[in-house]
Amino acid sequence: IDIKVLRGATGGVTTIDPGYKNTGSCESAITFLDGEKGILRYRGYSIEELAEKADFLEVAYLLIFGELPTKEQLEKFDKDIKEESHVDEDMKKILDGFPKSAHPMGVLSSLTSALIAFNPGSVDVDSEEAMYNAIVKIMGKFPVLAAWTMRKRKSLPLDYGDNSLGYVENLCKMMFSRPNKAYEANSIVNDALDKLLILHADHEQNCSTSTVRIVGSSHAGLFASLSAGISALWGPLHGGANQAVIEMLEAIKADGGDTAKYIAKAKDKEDPFRLMGFGHRVYKNFDPRAKIIKKSAEEVLGDLGIEDPVLDIAKGLASVALEDEYFVKRKLYPNVDFYSGIIYRALGIPTEMFTVMFALGRLPGWIAQWREMRLRKEPIGRPRQIYVGENYREFVDLEKR
Ligand code: ACO
């Protein structure tokens, strides 16, 4: 274990654990995962069963409030979210100000932060009721903002959705509808997206969730915490990996499909290249989400009648890596993002939007973790350090340096 225990300047003992590989930051009752056995459960329910039997809104309710909703509870949650799904017209001016080429994650993070100015009451959440109001507000507005980032990139007029549709169906409409054309829902697309969102909905104390909790611990408010979480998710070592995987698979395809060459590059310690979508901080056996997504990718491509050579490259790469001593020894397996991009692509979602799709799925998990942190009255997050810089030095005037 790469952990140092040192006596700090104030006399207390400080542990240094780079990347917090062995350091817990909180107690949590939301998500259980066993990385050795490849188990993932939300509030005790297995991810496999939830992906099969529940829909995304039920899972969101489960994560946030701790129990599967009754029919009445689910209807109320749905209604409250829909009532909050309008976005202030002036928010469009902010969206208009971004260049078309802006990365959707930067736009989404900024718009989420901008929501605070339009909903100042959402910051002070000293009662459970105020907390609930902030939660349904963001659950309602976030899909609108996410869909708008995609439409902006495609130069399409904004779509305000249709509240007679279900949560994921409405998201699909807001993303995929075309001007002057009646929108026709596609159940294959809706079901695939529903499943992907469920699989991404929470994953205990990962980088973005820890960010949400630590920002929230200063009582900065839910939307500010989420905006920070979106920025954390953007990185290619975290949620940004889904975009990086497709870009890598495309590059391999363009280079003649020589998977062995890229496996060798990933193993070469002098080469910064890593096999994107491979490896996980916690899963050291397999990522249960990757198993479900691989199967789903094959089904979706089959149902939509799409033949994507990139799926074959992905399968080829995975089968070689899973036999290779380098990957076996380090327990590197395909993670959730190895196959998710293939589905997003088949659904017609642009590559730069993949991490936004991840954020849409992770939203209830972030909210649940933030709510838990506030209800437990956790103290402000403030890690310590071991100072390794200069001792006291006298100031040197500019002309004497
Ligand atoms: N390709 C090649 N080698 C790898 C890879 C990879 N994808 N991942 C890890 N390794 C190697 C490292 O070089 C290291 O080798 P060493 O022991 O010889 O030095 C060893 O495996 C351990 O890797 P660490 O980076 O120490 O593992 P860590 O837990 O810090 O990182 C991470 C996990 C960031 C996910 C890493 O595996 C990675 O960069 N993967 C690719 C990016 C990716 O897919 N990220 C998505 C993660 S899932 C998610 O966030 C939704």
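In what follows, the structure referred to is the one given above.
Definitions and limits used
Residues numbered from 1 in each chain as written. Predicted model: local features only at pLDDT ≥ 70, side-chain atom pairs only at ≥ 80, totals over all residues. Heavy atoms only, no water. Helix = DSSP H or I, 4+ residues; strand = E, 2+ residues; numbered from the N terminus. Buried < 20%, exposed > 50% of the residue type's maximum accessible area, 1.4 Å probe, protein only. Contact = heavy atoms within 4.5 Å. Areas by Shrake-Rupley, 256 points an atom, 1.4 Å probe, with all protein chains shown as cover. Phe/Tyr/Trp six-rings, centres within 6.5 Å; stacked < 30°, edge-to-face > 60°. Lys NZ or Arg CZ within 6 Å of the ring centre and 35° of its normal. Near = heavy atom within 4 Å. Polar contact = N/O pair within 3.5 Å; in protein donor to acceptor, adjacent residues only side chain to side chain. Nonpolar A, V, L, I, M, F, W, Y, C, P; charged D, E, K, R; others polar. Core = buried A, V, L, I, M, F, W, Y, C linked by side-chain atoms within 4.5 Å.

## Observations regarding the overall build of the protein chain
Counting its secondary structure elements, the protein chain contains 17 helices and five strands. If one aligns the C-alpha atoms of the protein chain with their principal axes, the spans along those axes are about 75 × 55 × 55 Å. In the protein chain, buried positions account for 49% of the 401 residues. For the protein chain, long-range pairs separated by at least 24 residues make up 73% of all intrachain contacts whose partners lie at least 6 apart in sequence. Roughly 19,700 Å² of accessible area belongs to the protein chain as shown, and the carbon and sulfur atoms make up 52% of that amount.

## A look at the packing of aromatic side chains
Tallied over the full model, the rule gives twelve aromatic pairs. Where Trp148 meets Tyr160, the ring centres are 5.7 Å apart and the plane angle is 80°; that geometry is what we call edge-to-face. In this pair, Trp148 sits in helix α6 (residues 128-153) while Tyr160 sits in the loop between α6 and α7 (167-176), placing the two residues twelve residues apart along the sequence. With centroids separated by 5.7 Å and ring planes inclined at 70°, the aromatic side chains of Phe278 and Phe327 adopt a geometry described as edge-to-face. Taken together, the residues Phe278 in the loop between α12 (259-267) and α13 (288-303) and Phe327 in helix α15 (residues 325-329) connect sequence positions 49 residues apart. Exposure class is identical for Phe278 and Phe327. Each is buried. An aromatic cluster of at least three residues, connected via ring pairs, comprises Phe278, Tyr326, Phe327, Phe338 and Tyr339. In this structure, Lys291 is placed above the aromatic ring of Phe286, and the distance from its NZ or CZ to the ring centre is 4.2 Å.

## A word on the site of the ligand
Around the ligand, a shell composed of 22 residues is seen, among which Lys269, Arg274, Leu275, Gly277 and Arg281 lie nearest. At 2.8 Å from a nitrogen atom of the ligand is found a main-chain nitrogen or oxygen belonging to Leu275. Within the backbone of Gly277, an N or O atom sits 2.8 Å from an oxygen atom of the ligand. Considered on its own, the ligand offers 920 Å² of accessible surface; in the complex 77% of this is hidden by protein. Considering only residue class, the shell around the ligand consists of eleven nonpolar, five polar and six charged.

## A word on the nonpolar core
Judged by nonpolar contacts, the single largest core of 115 residues is most densely connected at Tyr42, Leu193, Leu275 and Ile349. The leading source of residues in this core is α6, at 13 residues. With near-sequence residues (within four places) excluded, Ile349 lies in contact with Met150, Met175, Phe176, Leu193, Tyr344, Phe354 and Met357.

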